[in-house]
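Architecture at a glance
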Amino acid sequence: MSTTLFKQISTIDDRYLAESELSSIQSFASNYGTRINAYRYLQAQNETLILKTLRNLTPLHRKAIQQHSDVCKRDMSYVLRYLALSI
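Residues numbered from 1 in each chain as written. Predicted model: local features only at pLDDT ≥ 70, side-chain atom pairs only at ≥ 80, totals over all residues. Heavy atoms only, no water.

1. Overview of the pattern of salt bridges
Going through the model one piece at a time under the given rule, you end up with one salt bridge. The closest approach of N and O atoms between R74 and D75, which form a salt bridge, is 2.9 Å. (Salt bridge = Lys/Arg side-chain N within 4 Å of Asp/Glu carboxyl O.)

2. Concerning the environment of R74
Tracing the backbone shows R74 in helix α5 (residues 62-86). In the structure, R74 is positioned 24 residues away from I50 in sequence and 9.3 Å away in space, judged by C-alpha atoms. (Helix = DSSP H or I, 4+ residues; strand = E, 2+ residues; numbered from the N terminus.)

3. So, the packing of helix α3 (residues 32-44) against α5
Contact pair α3 / α5: the axes reach a minimum separation of 9 Å and the direction vectors enclose 165°. With respect to each other, α3 and α5 are oriented roughly antiparallel. Viewed along their axes, α3 and α5 form a crossing whose handedness is left-handed. Taken together, the residues of α5 that come into contact with α3 (itself represented by Y39, L42 and Q43) are L80, R81, L83, A84 and L85. Partitioning the contact of α3 with α5 into residue classes produces six nonpolar, one polar and one charged. (Axes fitted to C-alpha atoms, helices over the stretch in contact; angles between N-to-C directions. Parallel < 35°, antiparallel > 145°, perpendicular 65-115°, else oblique. Left-handed = near helix turned anticlockwise from the far one by under 90°. Contact = heavy atoms within 4.5 Å. Nonpolar A, V, L, I, M, F, W, Y, C, P; charged D, E, K, R; others polar.)

4. Quick word on the side chain of R35
Structurally, R35 is set in helix α3. Here R35 occupies a buried position and makes no salt bridge, while the nearest side chain of opposite charge, E19, is found at 18 Å. The contact partners of R35, leaving out residues within four places of it in the chain, are F28 and I87. (Buried < 20%, exposed > 50% of the residue type's maximum accessible area, 1.4 Å probe, protein only. Lys, Arg positive; Asp, Glu negative; His and termini not counted.)

5. Looking at the packing of helix α4 (residues 46-57) against α5
Relative to each other, α4 and α5 sit at 140°, their axes nearing to 10 Å. Considered as vectors, α4 and α5 are oriented oblique to each other. For α4 against α5, the interelement crossing comes out right-handed. Along the contact surface, α4 presents N46, L49, I50, L51, T53, L54 and L57, while α5 presents I65, C72, K73, M76, S77 and L80.

6. Section: the confidence of the model for the protein
On average, the protein scores 87 in pLDDT, and the residues at 70 or more come to 94%. The spread of mean pLDDT over the elements of the protein runs between helix α1 (residues 3-10), the lowest at 72, and α4, the highest at 94. (pLDDT = per-residue confidence, 0-100.)

Right, here's the structure in full:
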């Protein structure tokens, strides 16, 4: 959830939100479809994106990729997972 949204929710003291406060919440909510589509894409294409990245890195770092490909795949998978969750 957005940090801005958390800040606004935590500062509400038994009052209605002002128009300016509502606009950021409305913006966050209206972009939900885009964010969920991006999340689903990253989840579905996880393996493809990792393999493509490793293929692009191989000419530059062949020895490192050959020696540590499993670790690279795992670490890239972690990065994509947390990137997807942060959306």
